[in-house]
Amino acid sequence: MHLIQHAAIAAAISLIATSALAQEVTLRFQHFVSPASANPTYFMQPWADAIEEQSNGRIKVELYPFMQLGGAAPSQYDLIRDGAIDGGWVIPGYQPNRFPEAEAMELPFMTTKSGEEASAAAWEFTQQYLMDDFADVHVIAVHMHGPGIVHKRGQSVATVEDFAGLKLRGPSRPATLLLEKLGATPIGMPVPQFPEALSKGVVDGGVITWEMSPSLKLNELTDSHTDVAGDRALYNLYFIWAMNKDVYDGMPDDLRAIIDANSGMMASKWAGRAHDTGDIVGRDLMAADGNEIAQLSEDETARIRALGADVTTSWIAEMNAKGYDGAALVSAAQDAVGNNLTR
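Here goes a summary of the coordinates provided. Residues take numbers from 1 onward in each chain, read along the sequence in its written order. Where totals are concerned, whole chains, interfaces and linings use all residues; where local detail is concerned, this predicted model gives features only for residues with pLDDT of at least 70, and gives and counts side-chain atom pairs only at 80 or more. With hydrogens and water excluded, all non-hydrogen atoms of the structure serve as input to the side-chain values.

We now examine the packing of aromatic side chains. Only the six-membered ring of Trp is used, alongside the rings of Phe and Tyr, when aromatic pairs are assigned; centres must lie within 6.5 Å, and planes under 30 degrees apart are stacked while those over 60 apart are edge-to-face, with the rest tilted. Inspection of every chain in the model, using the stated rule, returns 13 aromatic pairs. When the ring of Phe-32 is compared with that of Tyr-94, the centres are 5.9 Å apart and the planes differ by 50°; the resulting orientation is tilted. With Phe-32 in the loop between strand S1 (25–30) and helix H2 (38–54) and Tyr-94 in the loop between strand S3 (87–90) and helix H4 (115–129), the pair connects residues that are 62 residues apart, well separated along the chain. Residues Phe-32 and Tyr-94 agree in their burial class; the two are buried. Each residue in the set Phe-29, Phe-43, Trp-47, Trp-241 and Trp-270 is aromatic and connected to the rest through ring pairs, giving one cluster. Two conditions define a charge located above a ring, namely a distance within 6 Å from the ring centre to NZ of Lys or CZ of Arg, and an angle within 35 degrees of the ring normal. The residue whose ring lies beneath Arg-169 is Phe-194, and the NZ or CZ to ring-centre distance is 5.7 Å. Elements are defined by DSSP. Helices are runs of H or I of four residues or more, strands are runs of E of two residues or more, and each kind is numbered from the N terminus. The classification of residues rests on relative accessible area computed with a 1.4 Å probe and restricted to protein chains. Under 20% of the type maximum is buried, over 50% is exposed, and intermediate values are partly exposed.

What follows is about unusual backbone geometry. Here the phi dihedral of Phe-66 falls at roughly 55°; this positive angle occurs in a residue that is not glycine. Topologically, Phe-66 is positioned in the loop between strand S2 (59–64) and helix H3 (76–82). The phi torsion at Met-67 lies on the positive side, around 55°, for a residue other than glycine. With respect to the element layout, Met-67 can be found in the loop between S2 and H3. By relative accessible area, Met-67 is classed as buried at 10%.

What follows deals with the packing of H4 against helix H10 (residues 264–288). Every axis corresponds to a line fitted to the C-alpha atoms, with the helix fit spanning only the stretch in contact, and the corresponding angles, defined between N-to-C directions, vary from 0 to 180 degrees. Axis separation between H4 and H10 bottoms out at 7 Å; the angle between their running directions is 150°. It follows from the interaxial angle that H4 and H10 lie roughly antiparallel. For the pair H4 and H10, the crossing hand works out as right-handed. Contacts from Gly-115, Glu-116, Ser-119, Ala-120 and Trp-123 in H4 reach Gly-264, Met-265, Ser-268, Lys-269, Gly-272, Arg-273 and Asp-276 in H10. Residues are grouped as follows: nonpolar covers Ala, Val, Leu, Ile, Met, Phe, Trp, Tyr, Cys and Pro; charged covers Asp, Glu, Lys and Arg; every other residue, Gly included, is treated as polar. Residues of the contact of H4 with H10, tallied by class, amount to three nonpolar, five polar and four charged. With respect to orientation, any angle under 35 degrees is reported as roughly parallel, any angle over 145 as roughly antiparallel, any angle of 65 to 115 as roughly perpendicular, and every other angle as oblique. Crossing handedness is defined as follows: a turn of the near helix away from the far one that is anticlockwise and smaller than a right angle gives a left-handed crossing, while the clockwise case is right-handed. When checking whether two residues touch, look at their non-hydrogen atoms; a contact exists if any pair is within 4.5 Å.

Written as structure tokens, this is what we have:
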């Protein structure tokens, strides 16, 4: 009888141990764009699949587009921090002045037109300056997109003067500062609001990537798409891919290790590369619909770069007034971009 009891207890202990080993975790990650757009297609879903595969199904990552779990795009960081969602995609610039140091990566002509290169630079810069800013979430990756393009109704912009009076959507404070310097009337708004603003005539156009163009129906809502000359982006946008800190800390060590193995520089470059892939697709789709695909001349681009330099100078002074070393931030961002050039 005692032997039977001992065997039963041993079996029960073994079962408990096996159950603990096979603990399943479901992570609900949220974003604010179409699942058919580039980052969800080429980064988020493959990332989720890799996590599930490498954990032998013990981690399931559920992706919710269009803020389906609630809240608005600008509140995404707080939703993650507070545990309303387990993780998601954040644009810190949607909350102006909350994460001011991150703006250094978003300044005019700071990054190259390669999302992968820009994202590698963003990860390096983040390690140096921003981890304290994001200490109340667990940062998995940070990234940038590819070149920002001017999309508008009617004929393309060809000179600086063509920007005068245009009401243009901007995604971040540095972008709107540049648009204002160009003579446009910038209107800051998250990407989900852009199509409706275009259709109602609230804006004449805006700046956003090639890759977002199809999912926003910019082939129907705008007529022309203009890039600057050269290998530097007119502007860029800084993103983080993060999860709730308590959820991350509460995972078993071996499952946290799987998240870690799909984090950092590798994941940041992966996310940036997703935008590069999507940019090719988006540009081709805009061209296939007969929209005007334009590029500013080198001379006009040089004029815009000079205005962009004025924006950067003013930004440095503003940061200094807030107690930061603005010049050091710009220099560090420039160094990070230079350190991660692959061409």
